[in-house]
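An overview of the molecular structure
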Amino acid sequence: MTGFMTSPRNSPGTVAVLDRAPTSTTFSRVLGIATLVGIGWLVVFGLFLSPNDRVQKTGVRIMYIHVPSAWLAYLAFGVTGVSSLAYLWKRTRSLAWDRLAGASAEVGVLFMGITLVSGSLWGRISWGTYWTWDARLTTTAFLFVTYIGYLAVRDLGGTHQQRAKRSAVLAVLAMLEVPLVHFSVTWWRPLHQNETVENGKLSGLMLFTLFVGLIAFTLLYVWLVLHRQRVLTLLDQVDDRGLDVAIAERRNESVPS
Amino acid sequence: MDVNDPHLNDPAPNDTALNDTVLRPREVVPTAARGRKKPWFAYGVLALALVAGGVFVAKFLTNALDYYCNVDEVGVKDGCDVGRSIRIQGVVEKGSVAETGSVTNFVVTFNGVSMPVNLSSDPTGLFQECIPVVVTGRVVENTDGSRVFEGEEVLVKHDENYDKENEARVDKANAEADACSART
């Protein structure tokens, strides 16, 4: 809060213009370019170089979006949970962890949405339906709304510390849902197929294309979270500045003119 | 502080250090607009998420926990009773698919147990011979003790196997025969 407001104390009504530093750095720009290259590779391998599947034909290509986005959503929610633990642990308590948790959850919800939409489209052409209430789909939908709820809880108001504490507790609990979703295909009997990659049922160019997708989506995840948590930091600073301005104005009123 | 002090509202002495600390009661002005708006949108989203979460839990308990019965479990496993609306899972037998009017007939097999299916809807998705399917409907027992599944909807249960199309073309018939036997 302090240090951000650069106006001198005896002219409290005027506050310096916000620091206009962009949210990008040299590192994030290089990362952004790498992300674009990765997505380019994914397009080339996913749409042109990888072969058709014997049964699914060209429909198999949806997997190169669906599986990486699901894995990255798991990772994102894991990062949210671990950052929240770091916030709750007194020795590492910092709002930076809270903002990282929030940024990662937002990107995770985005990836989970991509997973649900791509899976639904694949389901229509392979299963014959967009949706069915089996164990994998139902737990995934539950995970999705849990994190939408988490994002809503972050916006309920209060101080930054109040927001951080209440959302951190929720995030640590919500993290437990991730293994539930992942192992739903072995714990219950869903329509959704079992684990393909872990069971070694994918090989050659198909496996490589999935790997390209995973790299591209990971780069995209890091780039998005990096920028988003910087934007969240700026938003918090704007909030703090609002308080500074209010105090400054009030102090101004006391000075007879 | 004496509120009756006649000098209470006098200008403060022109001392900067003191000016900064003197905060007289100000006039009462409406402050609602200055305060933060209630985050109604967040409350709304949270309420919707809670409702949706409840629906999903209900769906999980009623639908997902016992999504299907394997063909060999019909009439054996609890919840897989004859006459009850269930889903059965098995592999479509090679050469068993036939159409009579609007009904599609085929046989599903699992663990060596087979069941004929009369499907009243059009099969969609990747429906074909030698592929695992989940059929919704009910088991009907004929007077001679034979059973038939009156199906309303079929969903293809694509398994976790992925194969290149070209590779299979080398000996497609054999590959399919192998797949069919491997899956049943």
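Preceding block: the structure.
A brief look at the structure comes next.

Definitions and cut-offs
- Residues numbered from 1 in each chain as written.
- Chains lettered and ligands numbered in written order.
- Predicted model: local features only at pLDDT ≥ 70, side-chain atom pairs only at ≥ 80, totals over all residues.
- Heavy atoms only, no water.
- Pairing = 2+ DSSP bridges.
- Helix = DSSP H or I, 4+ residues; strand = E, 2+ residues; numbered from the N terminus.
- Phe/Tyr/Trp six-rings, centres within 6.5 Å; stacked < 30°, edge-to-face > 60°.
- Buried < 20%, exposed > 50% of the residue type's maximum accessible area, 1.4 Å probe, protein only.
- Lys NZ or Arg CZ within 6 Å of the ring centre and 35° of its normal.
- Axes fitted to C-alpha atoms, helices over the stretch in contact; angles between N-to-C directions.
- Parallel < 35°, antiparallel > 145°, perpendicular 65-115°, else oblique.
- Left-handed = near helix turned anticlockwise from the far one by under 90°.
- Contact = heavy atoms within 4.5 Å.
- Disulfide = S-S within 2.5 Å.
- Expected span 1.5 Å × (residues − 1).
- 1 Å grid on protein atoms, 1.4 Å probe; cavity = no way out; pocket = protein on both sides within 12 Å on 5 of 7 lines; lining within 4 Å.
- Points joined across faces, edges and corners; volume = space filled by probe spheres on them.
- Nonpolar A, V, L, I, M, F, W, Y, C, P; charged D, E, K, R; others polar.

**Quick look at the pairing of strand β7 (residues 147–156) of chain B**
All names here are of chain B. The sheet contact formed by strand β5 (residues 113–119) and β7 spans three bridges and is parallel. In the sheet register, Asn118 faces β7, and the bridge partner there is Glu150. In the sheet, strand β6 (residues 132–141) pairs with β7 via nine bridges, with the strands oriented antiparallel. Across the sheet, Val135 pairs through a bridge with Val154, a residue of β7. Taken together, β6 and the strand that follows it, β7, pair antiparallel across an intervening segment of five residues, in which Gly145 is found at a positive phi of about 90°.

**A look at the packing of aromatic side chains**
Counting across every chain of the model gives 14 aromatic pairs over all chains. Arranged with centres 6.3 Å apart and planes meeting at 80°, the rings of Tyr67 of chain B and Tyr68 of chain B form a pair that is edge-to-face. With relative accessibility at 9%, the residue Tyr68 of chain B sits in the buried group. In this structure an aromatic cluster arises from ring pairing among Phe183, Trp187 and Trp188 of chain A together with Phe60 of chain B. Between Arg93 of chain A and the ring centre of Tyr87 of chain A, over which it is positioned, the NZ or CZ distance is 5.0 Å. A cation sits over an aromatic face here: Arg87 of chain B above Tyr67 of chain B, 4.0 Å from the ring centre.

**Considering the packing of helix α4 (residues 135–154) of chain A against helix α2 (residues 40–64) of chain B**
Running from N to C, α4 of chain A and α2 of chain B point in directions that differ by 160°, and their axes come no closer than 9 Å. As far as their axial angle goes, α2 of chain B and α4 of chain A are roughly antiparallel. Here α4 of chain A runs over α2 of chain B; the crossing is left-handed. Contact residues: Ala135, Thr138, Thr139, Ala141, Phe142, Val145, Ile148, Gly149, Ala152 and Val153 of chain A in α4 of chain A; Ala42, Val45, Leu46, Ala49, Ala52, Gly53, Phe56, Val57, Lys59, Phe60 and Ala64 of chain B in α2 of chain B.

**Concerning the state of the cysteines**
Residues and elements named next belong to chain B. Here the structure, examined in full by the defined rule, presents one disulfide over all chains. Put simply, Cys69 and Cys80 are joined by a disulfide, and their sulfur atoms are 2.2 Å apart. The S-S bond linking Cys69 to Cys80 shows a torsion near -90°; that makes this disulfide left-handed. Here Cys69, found in strand β1 (residues 69–70), pairs with Cys80, found in the loop between β1 and β2 (85–92); they are 11 residues apart in sequence, far enough to count as distant. The same class applies to Cys69 and to Cys80, which are both buried.

**Some remarks on α2 of chain B**
Under the 1.5 Å per step criterion, the end-to-end length of α2 of chain B is 34 Å for 25 residues, consistent within 8% with the ideal 36 Å. Within α2 of chain B, the full set of buried residues consists of Ala42, Leu46, Ala49, Ala52, Gly53, Phe56, Phe60, Asn63 and Ala64 of chain B. Looking at the buried side of α2 of chain B, the elements it contacts are α4 of chain A together with β2 of chain B.

**Details of unusual backbone geometry**
One non-glycine residue, Lys57 of chain A, adopts positive backbone phi at about 55°. Tracing the backbone shows Lys57 of chain A in the loop between α1 (26–49) and α2 (63–88). Notably, Asn111 of chain B is not glycine yet its phi reads approximately 55°, a positive angle. Tracing the chain through its elements places Asn111 of chain B in the loop between β4 (103–110) and β5. By relative accessible area, which is 53% here, Asn111 of chain B ends up exposed.

**Brief notes about the layout of surface pockets**
Empty space among the atoms becomes apparent when a probe as large as a water molecule is rolled across them. All names here are of chain A. Reported here for the largest pocket is a volume of approximately 490 Å³. Considering the residues around the largest pocket, the lining is formed by 18 residues, among which Arg154, Asp155, Arg163, Asp236 and Asp239 are closest to the centre. At the level of secondary structure, the elements contributing two or more residues to the lining of the largest pocket comprise α4, α5 (160–175) and α8 (204–254). Residue contributions to the lining of the largest pocket peak at six residues, all from α8.

**Considering the packing of α2 of chain A against helix α3 (residues 95–126) of chain A**
All names here are of chain A. At a minimum axis separation of 7 Å, α2 and α3 run at an interaxial angle of 160°. Judged by the angle between their axes, α2 and α3 are roughly antiparallel. Crossing angle aside, the handedness with which α2 passes α3 is left-handed. For the contact of α2 with α3, the class distribution of residues is 18 nonpolar, 10 polar and one charged.

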